[in-house]
Amino acid sequence: MKLRTFYIAATAAALLFVSACGGAKDTASTEKGGGEAPAAAVTKVDPATAATITGKVAFAGSAPKAIRIDMSAEPDCKGLHSAPAQSEEVVVNANGTLANVFVWVKGGLEGKSFEPASGSAALDQKGCIYKPHVIGVRAGQTIDISNSDPTTHNVHPMPKVNREWNQSQPPKGVPLPKAFPRPEIMIPVKCNVHPWMKSYIGVVDHPFFAVTGDQGTFEIKGLPPGDYVVEAWHEKFGVQEQKVTLAPSASGAVEFSFKGE
Ligand SMILES: [Cu+2]
């Protein structure tokens, strides 16, 4: 008898699931019927003529002194560091470039639509710090948010055009699969437990973006030839734009320079 009850419950749950999915789809198509243009066909970029944007983000002026993060109020976090952790708000590389700059194609792809991302992105909390500090994802792409720490965090993205949420994540908990359906530059993420924890997520409706690392460089591959506006975003120094024209199969160089105080 028990088994039978289980089957009935399972079937009911499955039906509920199917109807919930159907409901969601209906809502989506109703929204589309409200005057929105139909989704554009996926743009195929010919690999024979695909072009690349390369470049670097320079930092002009003297690098600001690294800011130490005071974790003394949270021994569980402090104990995870042998030396004081440093803020990643401004990271000037040894070669005079700037790290954690989000670079993306802001203009030139209007009306085009691209294959969705094939995998998920990742954001970790390690040593009571978000790693990486800046990430880029596709609209709707899953971000697996994990907690590698032996302490509880509370992940709290603060978007303006996507939906805001916050969620506690226990020590070494299962990753939270999250996604932001709408493009948004940038979504700040904080932790409601640890005030110094901050990261930024760039959500883009195409695959042409990059984040600068310890060499301050970026490379955005696979673009159709054309004229583009490239934007570089930094959390403290703001945004800059550059124009670039990409000939078929060519590589166009773009250089940004942010000034310190
Ligand atoms: Cu935290």
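In the block above lies the structure referred to throughout.
These numbers come from a predicted model, not from an experiment. (Residues numbered from 1 in each chain as written. Predicted model: local features only at pLDDT ≥ 70, side-chain atom pairs only at ≥ 80, totals over all residues. Heavy atoms only, no water.)

Peer 1: Would you mind showing me how to read unusual backbone geometry here?
Peer 2: Both trends apply: most residues other than glycine have a negative phi, and most peptide bonds are in trans. Lys131 connects to Pro132 through a cis peptide bond whose omega is -10°. With respect to the element layout, Pro132 can be found in the loop between strand S4 (130-131) and strand S5 (134-138). In this chain, Ile185 is followed by Met186 through a cis amide linkage whose omega measures -10°. The topology assignment puts Met186 in strand S10 (residues 184-191). Positive phi, normally seen in glycine, also occurs at Asn100, with a value near 60°. By secondary structure assignment, the location of Asn100 is in the loop between helix H2 (75-78) and strand S2 (102-107). Note on Asn100: relative accessible area 11%, which makes it buried. Here the phi dihedral of Ser249 falls at roughly 65°; this positive angle occurs in a residue that is not glycine. In this structure, Ser249 sits in the loop between strand S15 (238-246) and strand S16 (251-259). (Helix = DSSP H or I, 4+ residues; strand = E, 2+ residues; numbered from the N terminus. Buried < 20%, exposed > 50% of the residue type's maximum accessible area, 1.4 Å probe, protein only.)

Peer 1: Explain the sheet that holds strand S11 (residues 198-204) to me, please; I cannot follow it from the model alone.
Peer 2: Within a sheet, each strand pairs with its neighbour through backbone hydrogen bonds, oriented either parallel or antiparallel. Taking strand neighbours across the sheet as the criterion, the five strands line up as S5-S11-S10-S7-S8 in an open arrangement whose pairing is mixed. Edge positions in the sheet fall to S5 and strand S8 (167-169), since each of these pairs with one other strand and no more. Geometrically, the sheet is characterised by an average inter-axis angle of 30° between neighbouring strands, direction not taken into account. (Pairing = 2+ DSSP bridges. Axes fitted to C-alpha atoms, helices over the stretch in contact; angles between N-to-C directions.)

Peer 1: Mind showing me how you'd approach the packing of aromatic side chains here?
Peer 2: Any pair of aromatic rings gets described here by the distance separating the centres and the angle formed by the planes. The tally for this structure, following the rule as stated, stands at six aromatic pairs. With centroids separated by 5.6 Å and ring planes inclined at 45°, the aromatic side chains of Phe59 and Phe237 adopt a geometry described as tilted. Here Phe59 is found in strand S1 (residues 51-60), whereas its partner Phe237 is found in the loop between strand S14 (226-234) and S15, with 178 residues between them in sequence. Under the relative-accessibility criterion, Phe59 is labelled buried at 8%. By relative accessible area, which is 17% here, Phe237 ends up buried. (Phe/Tyr/Trp six-rings, centres within 6.5 Å; stacked < 30°, edge-to-face > 60°.)

Peer 1: Just checking my understanding: could you explain the coordination of the copper ion for this structure?
Peer 2: Under ideal tetrahedral coordination, the four donors around a metal are separated by 109.5 degrees; under ideal octahedral coordination, the six donors are separated by 90 or 180 degrees. Within the protein, the atoms that donate to the copper ion are His153 (ND1), Cys191 (SG), His194 (ND1) and Met197 (SD), at distances of 2.0 to 2.6 Å. The coordination sphere of the copper ion comprises four donor atoms, whose angles at the metal cover 95 to 134°; the geometry is tetrahedral. Donor residues for the copper ion, ordered by position in the chain, follow H-x37-C-x2-H-x2-M. Residue His153 is found in strand S7 (residues 153-157), and its partner His194 is found in the loop between S10 and S11; the two are separated by 41 residues along the sequence. Accessibility classification places His153 together with His194 in one group, the buried group. (Donors = N, O, S within 2.8 Å, 3.2 Å for Na, K, Ca; no water. Tetrahedral: all angles 85-135°; square planar, octahedral: opposite > 155°, others 65-115°.)

Peer 1: Looking at this structure, how should I read the environment of His194?
Peer 2: The buried category is assigned to His194, whose relative accessible area is 0%. Considering only alpha carbons, one finds His194 and Thr152, 42 residues apart in sequence, at a separation of 9.8 Å. Beyond its immediate chain neighbours, meaning those up to four positions away, His194 contacts Glu74, Cys77, Cys128, Thr151, Thr152 and His153. At 3.1 Å, the side chain of His194 and the side chain of His153 are in polar contact. (Contact = heavy atoms within 4.5 Å. Polar contact = N/O pair within 3.5 Å; in protein donor to acceptor, adjacent residues only side chain to side chain.)

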